[in-house]
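The residues making up each chain are set out below.
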Amino acid sequence: MSELTHSDISEMWKPSKYVPTWDDCEDLEMYVEGGLHPVLIGGSFSNDRYKVVHKLGSGGSATIWLARDNQEERYIALKILTSDGSGRTRELQIHQFLAQQQLDFESAHVAPLLDHFSISGPNGTHLCLVFEVLGPSIASLRGYASETKIEPHIARKLARQVAEGVAHLHATKVALADLSASNILFRIQDINEWSVEDIYNAFGLPQAERVQLHEPLDFAEIVSRLDDPPRDLPPVDGRAPEMVYRPIDLLQSNLALIKPELLMIDLGEAYLIDNPPKCSDVGTNFNYGAPEIGFDDFPTPQADIWGLSCCFFEMRSAKILFRDDSAGMAGLLIQMSRLLGLVPVEWWNALGVGEESGDEEPADGDAEAGDDDVSAKVSQEEAHNSGREDELLHATVSEEQQGSQLQPRPDLRHRIRNIGKLNQWHRMTLIERRAKILEWFPKDDDGAVGRKIGILTRPPARLLRQEAEDLEDLLSKMLRYHPTERISVSDVLRHPWFSKRYQARGSRSKVATSRPQKPKMWLERYEPARYYDGWCDD
């Protein structure tokens, strides 16, 4: 193979337009024609009706802002879509259809659309959607597995709410297609009487950083300036905002604001069951999307059952069922094969991969391990670099396993029965954790080490045997490769996992049908303890 020339490297090396900023902010490279609309806190929309006071979040197709509705005297969530996305989304049409069908949004656990309008800006025309202000998503709890824990019977109650919502939508002839834990949000207490100062006292002042352009240098100039002192960068152009903001972190605020009620959001991929789009026109979350969407011509409502099962597992375990995979769909199918059994041969054929790929041995760190230790898809360094501290634990292996290239192969029963199990990391003292972190990340400063020490302080509530058996039975009926073999959402709601009360230790796995007593706090936060000697099962 010939060596790369200077011109080859210059061609491959394409610097970004903007200087990167915080990881939890939108991708600044999306401030282009057809992309995001630049927004500044303090700005107003719709004839000064909505005034932006804080940032709620961002995604691949929109930014979401906390704004004050001066007409209705309330706070709202303002979703501003990309210009290109505004023309593609079905969200507005689906909401209008549901309103025409007189859907009971409260019973359907769907955030209703309060208002909509369009704006024009430097990057095009953008659809703006107005919703109720909601709290954190189910997915966000995964990153706080060490600090928050949902009471088990509340987790089942929340899961039932989502299933009821899917049932209402299916009865109205609407399917979601893109059901995921990121699109299921908690409701919060009424904040409409709060002043803007109250908002900032509760959620913190907006954290802002100035947006700057990269200097237009070629590769040779970049190399020549590596040792130069920092210099001022050019001001931002007209397409991006002057400032970029970090979103509110509701899980770092008062947990009492969060209510044990869920609403589904983002119906941009939803469709009318009687008029489905082509699967190629349906965008799904890689971790939750039903696999047949990648191979069939048209989606079916049963794809929602697959996504629902992934959400159930995450609500109860604070872990994701299927992880991102650098190998794309082939890697996802391998994960499914290990968890559920071999996938249909025609899927492998469609990818141009042999059937035997579904039966490969897992690579190092690619599967969850035994009772006391877990390994994950990502390596220690990958977990660190990607900011996924909730996966740092998965890079911990026991001394017996350190010399082994292969980890035990998991299956659905193993994953469910390992929920809440203590492992090596949980049993370490803070001093032992610090030593291990410094061994893994010798370049970390004290702040980074301190942040990692506290992660995954306690596991989620442990499943008793009866609940584990019921949850396994439910998920195994939902996670069928062929859509026609999956149970219906009505069957899901009738499953005993929702109605039983699983007794704590001492009851010898008795199962009662009476409603459990309401705990003092349904969502708990733990502070890192000084030493961890292990805990009893819940």
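Keep in mind that what you see is a predicted model, and the values were worked out from it rather than measured. (Residues numbered from 1 in each chain as written. Predicted model: local features only at pLDDT ≥ 70, side-chain atom pairs only at ≥ 80, totals over all residues. Heavy atoms only, no water.)

What about the UniProt feature "binding site: ATP" (unreviewed entry) in the chain?
Consideration 1: Cross-referencing UniProt, the feature "binding site: ATP" (unreviewed entry) maps to K79 in the present numbering.
Consideration 2: Structurally, the position occupied by K79 is in strand β4 (residues 74–81).
Consideration 3: A relative accessible area of 10% means that K79 is categorised as buried.
Consideration 4: Those residues in contact with K79 that lie beyond four places of it in its chain are A62, T63, I64, E91, L127, C128, L129, F131 and D266.
Consideration 5: Separated by 2.9 Å, the side chains of K79 and E91 make a polar contact. (UniProt positions renumbered as here; feature names shortened; annotations may be inferred. Helix = DSSP H or I, 4+ residues; strand = E, 2+ residues; numbered from the N terminus. Buried < 20%, exposed > 50% of the residue type's maximum accessible area, 1.4 Å probe, protein only. Contact = heavy atoms within 4.5 Å. Polar contact = N/O pair within 3.5 Å; in protein donor to acceptor, adjacent residues only side chain to side chain.)

A word on the packing of helix α5 (residues 152–171) against helix α8 (residues 303–317)
Consideration 1: Where α5 contacts α8, the two axes come as close as 9 Å, and the packing angle between them is 165°. As the angle between them shows, α5 and α8 are arranged roughly antiparallel. Of the two elements, α5 crosses α8, and the hand of that crossing is right-handed. On α8, the residues touching P152, A155, L158, A159, V162, A163, V166 and H170 of α5 are D304, L308, F312, M315 and R316.
Consideration 2: Taken together, the residues that form the contact of α5 with α8 break down as ten nonpolar, one polar and two charged. (Axes fitted to C-alpha atoms, helices over the stretch in contact; angles between N-to-C directions. Parallel < 35°, antiparallel > 145°, perpendicular 65-115°, else oblique. Left-handed = near helix turned anticlockwise from the far one by under 90°. Nonpolar A, V, L, I, M, F, W, Y, C, P; charged D, E, K, R; others polar.)

Here we look at the packing of aromatic side chains
Consideration 1: The tally for this structure, following the rule as stated, stands at ten aromatic pairs.
Consideration 2: Seen in terms of ring centroids, F295 and W347 are 5.2 Å apart; in terms of plane orientation they differ by 5°. Their pairing is stacked. With F295 in the loop between β13 (271–272) and α8 and W347 in helix α10 (residues 345–351), the pair connects residues that are 52 residues apart, well separated along the chain.
Consideration 3: Where F312 meets W497, the ring centres are 5.9 Å apart and the plane angle is 40°; that geometry is what we call tilted. Of this pair, F312 sits in helix α8 while W497 is found in helix α19 (residues 496–499), placing the two residues 185 residues apart along the sequence. Pair check on accessibility: F312 and W497 agree, each one buried.
Consideration 4: Pairwise contacts between aromatic rings join F295, W306, F322, W347 and Y481 into one cluster.
Consideration 5: Stacked on the ring of Y75, the Lys or Arg R68 has its end atom at 4.6 Å from the ring centre. (Phe/Tyr/Trp six-rings, centres within 6.5 Å; stacked < 30°, edge-to-face > 60°. Lys NZ or Arg CZ within 6 Å of the ring centre and 35° of its normal.)

Comments concerning the packing of α8 against helix α17 (residues 465–478)
Consideration 1: The geometry of α8 relative to α17 is characterised by a closest axis approach of 9 Å and an angle of 155° between their N-to-C directions. Regarding the angle of α8 to α17, the classification is roughly antiparallel. The two elements α8 and α17 meet at a crossing, and its hand is left-handed. Together, I305, W306, L308, S309, F312, F313 and R316 of α8 and E467, L471, L474, L475 and M478 of α17 make up the contact between the two elements.

Some thoughts on the pattern of salt bridges
Consideration 1: Tallying each qualifying case throughout the model produces 22 salt bridges.
Consideration 2: The partner of R49 in a salt bridge is D69, with the nearest N and O atoms 2.9 Å apart. Taken together, the positions of R49 in the loop between β1 (44–45) and β2 (50–58) and D69 in strand β3 (residues 62–69) put the pair 20 residues apart, joining distant regions of the chain. Across this residue pair, the class does not change: R49 and D69 are buried.
Consideration 3: Ionic pairing is found between D491 and R494, a salt bridge with its closest N-O pair at 2.5 Å.
Consideration 4: We classify R494 as exposed; its relative accessible area is 61%.
Consideration 5: Three or more residues are tied together by salt bridges with common partners; here these are E106, E132, R187, K259 and E261. (Salt bridge = Lys/Arg side-chain N within 4 Å of Asp/Glu carboxyl O.)

Details of the sheet that holds strand β6 (residues 124–132)
Strands in a sheet are paired, the pairing made by backbone hydrogen bonds, and the direction either parallel or antiparallel.
Consideration 1: Spatial strand order, β1-β2-β3-β4-β6-β5: six strands in an open sheet with antiparallel pairing. At either end of the open sheet lies a strand with only one pairing partner, and these are β1 and β5 (115–121).
Consideration 2: Bridge analysis of β5 against β6 gives seven bridges, and the strand direction is antiparallel. Bridging from a neighbouring strand, S118 pairs with L127 of β6.
Consideration 3: Sitting on the sheet, helix α3 (residues 91–100) touches β4, β5 and β6, and the angle it makes with β6 is about 40°. (Pairing = 2+ DSSP bridges.)

Some thoughts on a negative patch on the surface
Consideration 1: A cluster of acidic residues, E72, E73, D190 and E193, forms a negative patch on the protein surface.
Consideration 2: Position of D190 among the secondary structure elements: in the loop between β9 (184–188) and α6 (196–203).
Consideration 3: Residue D190 is classed as exposed on the basis of its relative accessible area of 57%. (Patch = residues over 30% accessible without salt bridge, like charges linked within 9 Å, V, L, I, M, F, W, Y side chains within 5 Å. Areas by Shrake-Rupley, 256 points an atom, 1.4 Å probe, with all protein chains shown as cover. Lys, Arg positive; Asp, Glu negative; His and termini not counted. Charge placed at Lys NZ, Arg CZ, Asp CG, Glu CD.)

Things to note about the nonpolar core
Within soluble globular proteins, side chains that are nonpolar generally end up buried alongside one another.
Consideration 1: Counting 76 residues, the largest nonpolar core has L308 and F312 as its most contacted members.
Consideration 2: Two domains share this core, each providing at least three of its residues, namely domain 1 (15–103 + 112–132 + 208–245) and domain 2 (135–189 + 249–353 + 407–503).
Consideration 3: Apart from residues no more than four positions distant in its own chain, L308 is found in contact with V162, A163, V166, L179, M478, V489 and V492.
Consideration 4: Ranked by size, the runner-up nonpolar core spans 14 residues in total, among them V52, W65, F117 and Y245. (Core = buried A, V, L, I, M, F, W, Y, C linked by side-chain atoms within 4.5 Å. Domains from an automatic or database assignment.)

Things to note about α8
Consideration 1: Compared with the 21 Å implied by 1.5 Å per residue over 15 residues, the 22 Å span of α8 between its first and last C-alpha is a close match.
Consideration 2: Positive backbone phi, at 60°, marks A318, one or two positions downstream of α8. (Expected span 1.5 Å × (residues − 1).)

Comments concerning the environment of A62
Consideration 1: For A62, the location among the structural elements is in strand β3.
Consideration 2: Relative accessible area serves as the criterion here: at 3%, A62 is assigned to the buried category.
Consideration 3: Spatially, the C-alpha atom of A62 lies 9.6 Å from that of H126, the residues being 64 residues apart in sequence.

Digging into unusual backbone geometry
For residues besides glycine, phi is generally negative; the peptide bonds are generally trans as well.
Consideration 1: The backbone of S46 shows a phi angle near 55°, a positive value even though the residue is not glycine.
Consideration 2: Turning to its location among the elements, S46 is positioned in the loop between β1 and β2.
Consideration 3: Look at A177: it is not a glycine, yet its phi comes out positive at around 70°.
Consideration 4: With respect to the helices, strands and loops of the structure, A177 is situated in the loop between β8 (174–175) and β9.

Regarding the side chain of H170
Consideration 1: The topology assignment puts H170 in helix α5.
Consideration 2: Apart from residues lying up to four places away in sequence, H170 is in contact with A175, I273, P301, D304 and V489.

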